[in-house]
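# Summary of the model geometry
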Amino acid sequence: MGNYYGAAATSIAVFDNSYTVHFRSGVPGSSTSVTALEPVLPTLSLTNLVKAGAVGSGDNAYIYGAPNSAKRVITGTIPPNREDFTIKGAIPNPHKVFAEAFRTELKAAGIAIQNKQLQRTAHDKSMARHKSPTLKEIATITNHKSVNLFAEAIHNAIGKTAAIKEAWKKKEIDLATASLRDGSGVSPKNRSSACQLATVMAHSAKNKNFIETLTQSEETPNLRYKSGSMSGVKAFTGVISGKSPRGFAIIANDYAGSGSQVKKALLSAINDISRS
């Protein structure tokens, strides 16, 4: 899968390892055209097979390609009669994109490039430093916007699944039966119970820095949560603050009705619980 939510957590990330494809669409069933790519990726080869969908249809366009390959095929449909409709893809080779962008900036600054591979020495001097946002800032963006790339990077930095389970085990929270196949929840093989999530949240309820990374309910200020969804699944987990903070989790599997209806019902139930 080459859509942005499948971006790999690489050692060097650039442009959030994603790019935006701009389309123009016509009447339903007609071919679309790619009008722009942001940022410009000279090495990326796109084959556009996307059609204009039916009136009222949404984004059903998907990007496919092999790992590390610069060739990408886009299939599916987008809404009809759009002058500018965008989807986001995952950059297949971020390190090469970074190197080329850096090379371009150096040339623009009049710095000559010799194309030689040099070894570091004790006499090297630092020319510039780039400071990362704080972990709290990264976690806030991750939890508010569900940025899978950031979640995977944090997961890797912690030490992946084994380290996470061991850390919670030391706090007497057993996640042995939880199946954590990745750090972002993209894998359909991820499994955890509402009880496990609620227990983790209850333990974290007094961690002010963590709680502030969660989305605050518009209806109930003492309620903060993180949502998650995939085909046929909607979930919410979070914390209800107060004198005795509580963790909660609610998961709907194989539900009937639309995703928006289920989301509204779950949020309504959670808000009622937080006021009880």
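Below is a short write-up of the structure. Not measured: the values here are computed from a predicted model.

## Brief notes about the overall build of the chain
Summing up its helical and strand segments, the chain has seven helices and 11 strands in all. Across its three principal axes, the chain shows a C-alpha extent of roughly 65 × 65 × 35 Å. Put simply, the chain has 276 residues, and 30% of those count as buried. When contacts within the chain are restricted to residue pairs at least 6 apart in sequence, long-range pairs at least 24 apart make up 55% of them.

## Brief notes about the layout of surface pockets
The computed volume of the second largest pocket comes to approximately 760 Å³. As for the second largest pocket, its lining consists of 22 residues, of which Ile12, Ala13, Val14, Asp16 and His130 are closest to the centre. Of all the elements in the fold, those that place two or more residues in the lining of the second largest pocket are helix 1 (94-108), helix 2 (135-145) and helix 3 (148-158). Tallied by class, residues from the lining of the second largest pocket come to 15 nonpolar, five polar and two charged.

## Concerning the pairing of strand 11 (residues 246-253)
Sheet topology note: the strand 10 (residues 233-240)/strand 11 ladder contains eight bridges and is antiparallel. Counterpart to Ile240 in the pairing with strand 11 is Arg246. Taken together, strand 10 and the strand that follows it, strand 11, pair antiparallel across an intervening segment of five residues, in which Gly242 is found at a positive phi of about 150°.

## Details of the sheet that holds strand 10
Ordered by their spatial adjacency, four strands build an open sheet running 8-9-10-11, and the pairing between neighbours is antiparallel. Each edge of the sheet is formed by a strand with only one pairing partner; in this case those strands are strand 8 (215-216) and strand 11. Two elements, strand 8 and strand 9 (residues 223-230), share two bridges in a ladder whose sense is antiparallel. Paired with Gln216 across the bridge in strand 9 is Arg224.

## So, the packing of aromatic side chains
How two aromatic rings sit relative to each other is given by the distance of their centres and the angle of their planes. Within this structure, the stated rule accounts for three aromatic pairs. Look at Phe98 and Phe102: their rings are 6.0 Å apart centre to centre, the planes differ by 10°, and that puts the pair in the stacked class. Residue Phe98 and its partner Phe102 are both found in helix 1; the two are separated by four residues, about one turn of the helix. For Phe98, a relative accessible area of 36% corresponds to the partly exposed category. Judged by relative accessible area, Phe102 falls into the partly exposed class, the value being 46%. Each ring, one from Tyr225 and one from Phe236, has its centre 5.5 Å from the other, and the planes form 65°; the classification is edge-to-face. Of the two residues, Tyr225 is situated in strand 9 and Phe236 in strand 10; the sequence distance between them amounts to 11 residues. A relative accessible area of 3% places Phe236 in the buried class. Positioned above the aromatic ring of Tyr4 is the side chain of Lys88, whose terminal nitrogen or guanidinium carbon lies 5.6 Å from the ring centre.

What counts, and at which threshold
- Residues numbered from 1 in each chain as written.
- Predicted model: local features only at pLDDT ≥ 70, side-chain atom pairs only at ≥ 80, totals over all residues.
- Heavy atoms only, no water.
- Helix = DSSP H or I, 4+ residues; strand = E, 2+ residues; numbered from the N terminus.
- Buried < 20%, exposed > 50% of the residue type's maximum accessible area, 1.4 Å probe, protein only.
- Contact = heavy atoms within 4.5 Å.
- 1 Å grid on protein atoms, 1.4 Å probe; cavity = no way out; pocket = protein on both sides within 12 Å on 5 of 7 lines; lining within 4 Å.
- Points joined across faces, edges and corners; volume = space filled by probe spheres on them.
- Nonpolar A, V, L, I, M, F, W, Y, C, P; charged D, E, K, R; others polar.
- Pairing = 2+ DSSP bridges.
- Phe/Tyr/Trp six-rings, centres within 6.5 Å; stacked < 30°, edge-to-face > 60°.
- Lys NZ or Arg CZ within 6 Å of the ring centre and 35° of its normal.

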